[in-house]
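# Overview (structure and organization)
This is what each chain is made of:
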Amino acid sequence: MTILVTGSAGHLGEALMRTFRARGTQARGVDRLPSPFTDRVGDLSQRAFVDECMQGITHVLHVATLHKPHVATHPRQAFVDTNVTATLNLLEAAAANRVQAFVFTSTTSAFGDALTPTAGSPAAWITEDVVPIPKNIYGVTKTAAEDLCRLFHRNEGLPCLVLRTS
């Protein structure tokens, strides 16, 4: 088993890589930025780089992302490239290489305005039936990536799991 961890220079990706290395689990860290936990440096929106990284991979933990705070500092296209195009490239390569599992970390920011409580209610009740109403490009691109995961699960039989973390 070899796990591909995207975003290995980031907070969550680094934590995953630290854990895998401490346990002796085969893992390959990829990121745009070099780090002690990054084995391959490159851009996941470039399909050739993704294809190279996917060789010999059995599981994918896709945690690379531009986050909500980046809305103020990055153009919208950067969110599409990082959160949508990179996810599509990873899903296509994972399906082609018949990986056993693909885990995508999304965000509770996908809910956006759906988190607004109804009048007189102290909070919004959230279940899997709540339809996301993203407030910004971050939420829009994360829900688009979730939809890509659903598509690849349904049409390609790729085992996918989406986690809406906060």
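What you see is a predicted model; the values in this text were computed from it and never measured.

## What about the pairing of strand E6 (residues 160-165)?
- Here strand E5 (residues 101-107) pairs with E6 via six bridges, running parallel. For Phe102, the partnering residue across the bridge sits in E6 and is Cys160.
- The parallel pair E5 and E6, bridged by helix H4 (residues 137-156), forms a crossover whose chirality is right-handed.

## Some thoughts on helix H2 (residues 47-54)
- Buried residues of H2: Phe49, Val50, Cys53 and Met54, and no others. Angularly, the buried residues of H2 cover 130° about the axis, an arc narrow enough to put them on a single face.
- Of the surrounding elements, those touching the buried residues of H2 are strand E1 (2-6), strand E2 (26-31), strand E3 (40-41), strand E4 (59-62) and helix H3 (76-96).
- Residue Gly56 follows H2 closely and has a positive phi angle near 80°.

## Topic: the state of the cysteines
- For the structure on display, the rule yields zero disulfides.
- Free cysteine Cys149: the closest other cysteine sulfur is in Cys160, separated by 4.9 Å.
- Accessibility expressed as a relative area gives 1% for Cys149, which makes it buried.

## A word on the side chain of Ser106
- Of note, Ser106 is situated in strand E5.
- Classification of Ser106 by relative accessible area gives buried; the value is 4%.
- Excluding residues within four positions of it along the chain, Ser106 makes contact with Lys142, Glu146, Val162, Leu163, Arg164 and Thr165.

## Digging into the nonpolar core
- One finds Leu4, Leu44, Met54 and Phe102 to be the most contacted residues of the largest nonpolar core, which totals 25 residues.
- Mapped by element, the contributors of at least two residues to this core are H2, H3, E5 and H4.
- Tallying contributions element by element places H3 first for this core, with seven residues.
- Membership of the second largest hydrophobic core comes to nine residues, among which are Val5, Ala27, Phe37 and Val63.

## A short note on the packing of H3 against H4
- Closest axis-to-axis distance for the H3/H4 pair is 9 Å, and the angle between their directions is 15°. With respect to H4, the element H3 is oriented roughly parallel. Taken as a pair, H3 and H4 cross one another with a handedness that is right-handed. Only Ile137, Tyr138, Thr141, Lys142, Ala144, Ala145, Leu148, Cys149, Phe152 and Glu156 of H4 make contact with H3, whose side of the interface consists of Arg76, Phe79, Val80, Asn83, Val84, Thr87, Leu88, Leu91, Glu92 and Ala95.
- Each residue belonging to the contact of H3 with H4 can be placed in one class, and the counts come to 13 nonpolar, three polar and four charged.

## Topic: the sheet that holds E1
- Pairing in this open sheet of six strands is parallel, and the strands run E3-E2-E1-E4-E5-E6 from one edge to the other. The open sheet has two edge strands with one neighbour each: E3 and E6.
- Sheet topology places E1 next to E2; five bridges connect them, and they run parallel. Within E2, the residue paired with Thr6 across the bridge is Val30.
- Contacting E1, E2, E4 and E5, helix H1 (residues 11-23) crosses the sheet at an angle of about 155° to E1.

Criteria and cut-off values
- Residues numbered from 1 in each chain as written.
- Predicted model: local features only at pLDDT ≥ 70, side-chain atom pairs only at ≥ 80, totals over all residues.
- Heavy atoms only, no water.
- Pairing = 2+ DSSP bridges.
- Helix = DSSP H or I, 4+ residues; strand = E, 2+ residues; numbered from the N terminus.
- Right-handed = clockwise from strand over helix to strand, strands pointing away.
- Buried < 20%, exposed > 50% of the residue type's maximum accessible area, 1.4 Å probe, protein only.
- Arc of directions from axis to C-beta.
- Contact = heavy atoms within 4.5 Å.
- Disulfide = S-S within 2.5 Å.
- Core = buried A, V, L, I, M, F, W, Y, C linked by side-chain atoms within 4.5 Å.
- Axes fitted to C-alpha atoms, helices over the stretch in contact; angles between N-to-C directions.
- Parallel < 35°, antiparallel > 145°, perpendicular 65-115°, else oblique.
- Left-handed = near helix turned anticlockwise from the far one by under 90°.
- Nonpolar A, V, L, I, M, F, W, Y, C, P; charged D, E, K, R; others polar.

Everything listed here is a matter of geometry and, on its own, says nothing about what the molecule does.
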